[in-house]
Amino acid sequence: MKPSIRSIAARVFTHPKYPKKGGNPVTIFVLPPPVVSYSSSSLTFSNHLPSCSGTSVLDPSSPAVDLRKKLAQSCKWESVIVEYGICPDDVTQMSEPHQLQLQRQKIQPPRLHFYMPSGEEVSFCAHAAMGAAMIIYQDQIVKSNRGIVMGTKNDGLVCSISSPSCMETEEELSSKITFQTCDGNHHTATILSGQRVELTMKHDLKESDVNHEIVAKLLNLVGLKMKHVDTSSIIQKSSSHQTLYKDPPSPHLQYPMVNSSVSRYKTLVPIQTLDLLHSATNPKDVNEFRILCDAIGSTGLYLYAPVIPSSSSCSSDHLNHHNHVEELECRQFPRASGYPEDPATGIAASALACSLYKRGMGQGEYIVNQGTAMKRHSRCIVRINGNDHEDGDGGGGLIYCSGIVEMDDE
């Protein structure tokens, strides 16, 4: 019997006040793993991943790349393909020498491939990675019940065999999931309580200036004007920019309007009020929107405004209240993803948090709400710790991006 491909529907970054309603949908495809065949003298690792020609979307005999693209194109939202490393098919029939040999076998972490519904593969997608991490963790629990322990070590993933009767409980299993992406980089996600997953990323913020005239055209396509931008964010470089804005720039601390990236560049644009933010519409011309995004090297327009507590002495709507930003409301209009708006965007929220943190705005923890205008309420929490470093490399610290993951069906 041919191995089957599992398909799981999930939503990531769901809002705790709106369970089973919001979050960013993702389809998680789990390809059949290689299995272990064994004879009296040796172990053989057979790969059942797609390698031959075929036409059916779910036909495992299709070429691997073509199959992944077809799977992605069958989805309305992003998808992630999970490819497991070597795993024993039936450990209960193995002799002790075979079990010991397998225990010594170093296994690579699961490999994740991220796709847009258009079939375009992208380097990384935070919410898809978090959904996949939850599935990998659940599969780890299933394997433990069969007597297989998938444990993380400093240099990868190892598999060990023991009797199911003496296995660890679910609480004792490792909650840190290691996976690798198509570029070979290793990443980690931690399974927290309450269906929450926390993704760890390097604080590798990159920023570049944006062309204000092009941003004005992008805003016009979503029903906004440059006069709706918080003018304190603008550092004028020439008098030619002056006619674009309702008011001249304020001299105090500035909210950034900039291309910002911790994975892929997003164009961050601060909007004056929450009402204006939520009045934005889907792009009127998707082709022109894509062309304009390409012209400034952006993968999407990320509009934001802080949520000011009602106890604030300033207007509850205006952006310029103080330099301690904790909660924000955001909207993401992607360059060309096959849908007009994202209900939640982990890498964009992380880029925004890092950009604010860089400018001394906030204390390193940010609540990012998104999807409100779409009636798909979502929430992402981003923590930044400049003192944490992976591998002691002394880089820019770490970003912790977390949210609730809800599984819909398999």
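It should be noted that the structure appears before, not after, this text.
Keep in mind that what you see is a predicted model, and the values were worked out from it rather than measured.

**Focus: the environment of aspartate 209**
Argument step 1. Mapped onto the elements of the fold, aspartate 209 is located in the loop between strand 14 (206–208) and helix 4 (212–221).
Argument step 2. Accessibility expressed as a relative area gives 59% for aspartate 209, which makes it exposed.
Argument step 3. Taking the C-alpha atoms as reference, aspartate 209 lies 8.0 Å from methionine 257; in sequence the two are 48 residues apart.

**What to know about the nonpolar core**
Argument step 1. Grouped together as the largest cluster of nonpolar side chains are 60 residues, with contacts concentrated most on Ile28, Leu112, Phe114, Phe124 and Leu199.
Argument step 2. For leucine 199, the contacting residues outside a window of four places in its chain are Phe124, Ala126, Ala129, Met130, Phe179, Thr188, Ala189, Ile399, Tyr400 and Cys401.
Argument step 3. Judged by nonpolar contacts, the second largest core, of 25 residues, contains Leu219, Leu224, Ala280 and Phe289.

**Quick look at empty space enclosed by the protein**
Argument step 1. This structure, assessed with the given rule, holds one cavity of 30 Å³ or more.
Argument step 2. Looking at the largest cavity, its volume works out to about 30 Å³.
Argument step 3. If you list the elements that add at least two residues to the lining of the largest cavity, you get strand 19 (365–370) and strand 20 (378–385).
Argument step 4. Here the lining of the largest cavity is composed, by residue class, of five nonpolar, three polar and one charged.

**Quick look at the packing of aromatic side chains**
Argument step 1. By the definition in use, this model includes two aromatic pairs.
Argument step 2. Note on tryptophan 77 and tyrosine 339: the rings are 4.8 Å apart at their centroids and 40° apart in plane angle, and the pair reads as tilted. Within this pair, whereas tryptophan 77 is found in the loop between helix 1 (64–73) and strand 5 (79–83), its partner tyrosine 339 is found in the loop between strand 18 (327–334) and helix 7 (346–358), the two being separated by 262 residues in sequence.

**Brief notes about helix 6 (residues 286–295)**
Argument step 1. Restricting attention to buried positions, one finds in helix 6 the residues Phe289, Leu292 and Cys293. One face of helix 6 carries all of its buried residues, which in axial projection span an arc of 100°. Opposite the buried face of helix 6, by more than 90 degrees, sit the exposed residues Ile291 and Ala295.
Argument step 2. Of the surrounding secondary structure, the elements contacted by the buried residues of helix 6 are helix 4, strand 17 (300–306) and strand 18.
Argument step 3. Near the N-terminus of helix 6, the side chain that reaches the backbone nitrogen of asparagine 287, with its oxygen 3.1 Å away, is that of aspartate 285.
Argument step 4. At the exit of helix 6 stands glycine 297, carrying a positive phi of roughly 65°.

**Description of the pairing of strand 21 (residues 398–409)**
Argument step 1. A large share of strand 21 lies buried, amounting to nine of its 12 residues.
Argument step 2. Pairing geometry for strand 1 (residues 6–14) and strand 21, over five bridges, is antiparallel. By the bridge assignment for strand 21, valine 12 is matched with valine 405.
Argument step 3. Bridge count for strand 20 against strand 21 is five bridges, and the pairing is antiparallel.

Scoring rules and cut-offs
- Residues numbered from 1 in each chain as written.
- Predicted model: local features only at pLDDT ≥ 70, side-chain atom pairs only at ≥ 80, totals over all residues.
- Heavy atoms only, no water.
- Helix = DSSP H or I, 4+ residues; strand = E, 2+ residues; numbered from the N terminus.
- Buried < 20%, exposed > 50% of the residue type's maximum accessible area, 1.4 Å probe, protein only.
- Core = buried A, V, L, I, M, F, W, Y, C linked by side-chain atoms within 4.5 Å.
- Contact = heavy atoms within 4.5 Å.
- 1 Å grid on protein atoms, 1.4 Å probe; cavity = no way out; pocket = protein on both sides within 12 Å on 5 of 7 lines; lining within 4 Å.
- Points joined across faces, edges and corners; volume = space filled by probe spheres on them.
- Nonpolar A, V, L, I, M, F, W, Y, C, P; charged D, E, K, R; others polar.
- Phe/Tyr/Trp six-rings, centres within 6.5 Å; stacked < 30°, edge-to-face > 60°.
- Arc of directions from axis to C-beta.
- Polar contact = N/O pair within 3.5 Å; in protein donor to acceptor, adjacent residues only side chain to side chain.
- Pairing = 2+ DSSP bridges.

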